[in-house]
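Tertiary structure, described
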Amino acid sequence: MTRDTVEVRHNAAASRFEATVEGWLCFAAYTLVDGVMFIHHTEVPTAVGHRGIAAQIVRATFDYAESGGLKVEPRCSYVRNYIRRHPETLRLLPEDSALRH
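Since this is a predicted model, take the numbers as computed values, not measurements. (Residues numbered from 1 in each chain as written. Predicted model: local features only at pLDDT ≥ 70, side-chain atom pairs only at ≥ 80, totals over all residues. Heavy atoms only, no water.)

**A look at the nonpolar core**
Counting 23 residues, the largest nonpolar core has Ile 39, Ile 53, Ile 57, Phe 62 and Val 79 as the members making the most contacts within it. Those elements that provide at least two residues to this core are strand S2 (16-21), strand S3 (24-33), strand S4 (36-43), helix H1 (53-67) and helix H2 (77-85). In this view, Ile 57 contacts Val 8, Phe 17, Ala 19, Cys 26, Phe 27 and Ala 28; residues no more than four positions away in its chain are not counted. (Core = buried A, V, L, I, M, F, W, Y, C linked by side-chain atoms within 4.5 Å. Buried < 20%, exposed > 50% of the residue type's maximum accessible area, 1.4 Å probe, protein only. Helix = DSSP H or I, 4+ residues; strand = E, 2+ residues; numbered from the N terminus. Contact = heavy atoms within 4.5 Å.)

Have a look at this one:
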């Protein structure tokens, strides 16, 4: 298991952050509505799984949101769990997010 840093890019046209690892596309897809990034799907193929790739993609997504003054609302279980494991990201949730309570 390798935890190398991956190059994450923002594919705004596809509304996702993505990385290609060993030829496999890995991504976190979102919908942007009124200043909130609703992250609704993350995907890392099994062939390159368990290397921390999803975490790096989600971190890049959160960094982008923070630098742009956006909020983040997780709609997939991976991102909800990421926020629970990284409480410093709670500040990016909208005030009315269920994860704040």
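**Overview of empty space enclosed by the protein**
The full count for this structure, using the stated rule, is one cavity of 30 Å³ or more. Roughly 30 Å³ of internal volume is contained in the largest cavity. At the level of elements, S3, S4 and H1 are the ones that each hand at least two residues to the lining of the largest cavity. In terms of residue class, the lining of the largest cavity is made up of five nonpolar, one polar and one charged. (1 Å grid on protein atoms, 1.4 Å probe; cavity = no way out; pocket = protein on both sides within 12 Å on 5 of 7 lines; lining within 4 Å. Points joined across faces, edges and corners; volume = space filled by probe spheres on them. Nonpolar A, V, L, I, M, F, W, Y, C, P; charged D, E, K, R; others polar.)

**Notes on the side chain of Arg 51**
Inspection of the secondary structure puts Arg 51 in the loop between S4 and H1. Here Glu 22 takes part through its side chain, which lies 2.8 Å from a polar atom of the side chain of Arg 51. (Polar contact = N/O pair within 3.5 Å; in protein donor to acceptor, adjacent residues only side chain to side chain.)

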